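Summary of structural features
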Amino acid sequence: VPENVQADVGALARQILEDPAQLSLQEVDGAIRDERPVLAAALIAQGARPATERQIALLRALSMSSAEGRRLRARAVRLYRERLAALDALAAALSRGIGQEDEQLLAAMHADAEAQVAIVALQAELDRIVPSQEERPLEERGAPPRLPSRDDGLGDDPPSAERPAEPNPSAAEPLVAPEPK
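Residues numbered from 1 in each chain as written. Predicted model: local features only at pLDDT ≥ 70, side-chain atom pairs only at ≥ 80, totals over all residues. Heavy atoms only, no water.

1. Considerations on the overall build of the protein chain
The following threshold applies: The helix and strand labels rest on DSSP assignments: H or I over at least four residues marks a helix, E over at least two residues marks a strand, and numbering proceeds from the N terminus. For each residue, the accessible area found with a 1.4 Å probe, counting protein chains only, is set against the maximum for its type, and the residue is called buried under 20%, exposed over 50%, and partly exposed in between. When checking whether two residues touch, look at their non-hydrogen atoms; a contact exists if any pair is within 4.5 Å. Accessible surface area values rest on a Shrake-Rupley calculation with a 1.4 Å probe, where residue burial reflects the displayed protein chains alone.
Scanning the protein chain from N- to C-terminus turns up five helices and zero strands. Among the 181 residues that make up the protein chain, the fraction classed as buried is 33%. Here the analysis covers contacts within the protein chain between residues at least 6 apart in sequence; of these, 67% occur between residues at least 24 apart. Entry remark: accessible area of the protein chain is about 12100 Å², with carbon and sulfur atoms responsible for 55%.

2. Describing the packing of helix α1 (residues 3–17) against helix α5 (residues 103–129)
Rule in force here: Whenever a helix is involved, its axis is fitted only over the stretch in contact; in every case the axis is a line through C-alpha atoms, and angles between N-to-C directions fall within 0 to 180 degrees. Put simply, a crossing is left-handed when the front helix is turned counterclockwise from the back one by less than a right angle, and right-handed when it is turned clockwise. Under the convention adopted here, Pro, Cys and the residues Ala, Val, Leu, Ile, Met, Phe, Trp and Tyr are nonpolar, Asp, Glu, Lys and Arg are charged, and Gly plus all remaining residues are polar.
At a minimum axis distance of 10 Å, the contact between α1 and α5 shows a crossing angle of 145°. Along this stretch, α1 crosses α5, giving a crossing that reads as left-handed. Every residue of α5 that contacts α1 at Val5, Val9, Leu12, Ala13, Ile16 and Leu17 is listed here: Ile119, Leu122, Gln123, Leu126 and Ile129. The residue inventory of the contact of α1 with α5, partitioned by class, reads ten nonpolar, one polar and no charged.

3. Quick word on the layout of surface pockets
To keep things clear, this is the line we draw: Buriedness of a pocket was judged along seven lines, with at least five required to meet protein on both sides within 12 Å; pockets are open sets of points on a 1 Å grid over the protein atoms alone, cavities are sets where a 1.4 Å probe fits but cannot get out, and lining residues have an atom within 4 Å of a point. Grid points are joined across faces, edges and corners, and a volume is the space filled by probe spheres set on the points.
Of the pockets and cavities examined, the largest pocket occupies roughly 230 Å³. Gln22, Leu25, Gln26, Val28, Asp29, Ile32, Arg83, Leu87, Leu90, Met109, Asp112 and Gln116 are the residues that line the largest pocket. Top contributing element to the lining of the largest pocket by residue count: helix α2 (residues 22–33), with six residues. Tallied by class, the residues present in the lining of the largest pocket amount to six nonpolar, three polar and three charged.

4. Some words on α5
Using the following cut-off: A helix's residues, less one, multiplied by 1.5 Å, set its expected span. For this analysis, a polar contact is any N or O atom pair within 3.5 Å, provided that within protein one partner can donate a hydrogen and the other can accept it, and provided that sequence-adjacent residues contribute only side-chain to side-chain pairs.
If you check α5, its first and last C-alpha atoms are 39 Å apart, about what 27 residues at 1.5 Å a residue would give, namely 39 Å. Turning to α5, its buried residues are Leu105, Ala108, Asp112, Ala115, Ile119, Leu122, Gln123, Glu125, Leu126 and Asp127. Buried residues in α5 make contact with α1 and α4 (67–95). You can read the cap of α5 off the contacts: a side-chain oxygen lies 3.2 Å from the backbone nitrogen of glutamine 104, and it is on aspartate 102.

All quantities given are derived from atomic positions and should not be read as evidence of function.
Take a look at the structure:
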């Protein structure tokens, strides 16, 4: 994968992971679970919708240097706009309260779930192009490399005539057990 595509995909993946709407969406889900539809609608209007609009603006502001990056950014913006439309439909359905066999509410909840699944699918695609930090080997994440082991032929071998033990500065003061009282 060319470096400019890696940089574009990495920036896009980071922005999707830092989605400012996630906390608001969790609060909306909690209100729905607690059967508080009017509260859930208000949480969408006051939190999730503005945060999703902010996410769209942040995605659009990302500078992409490759055609692939611009294509993926456009797809991300489209998916977040679909989430926004789904949130609007869900808020409208929830603001009426929860009724028996509410087809409008079920359709809105289904659209919201589909929007979220599409965003997660995009995130998975980005991770296939450029693995996220958690999936990359430690050495590639900038973490300290693993220490050599006996299996490498280095490391924990006991001192020998060819390789004397290295001095241990912390051993300068001998440990003394306290005397029993």
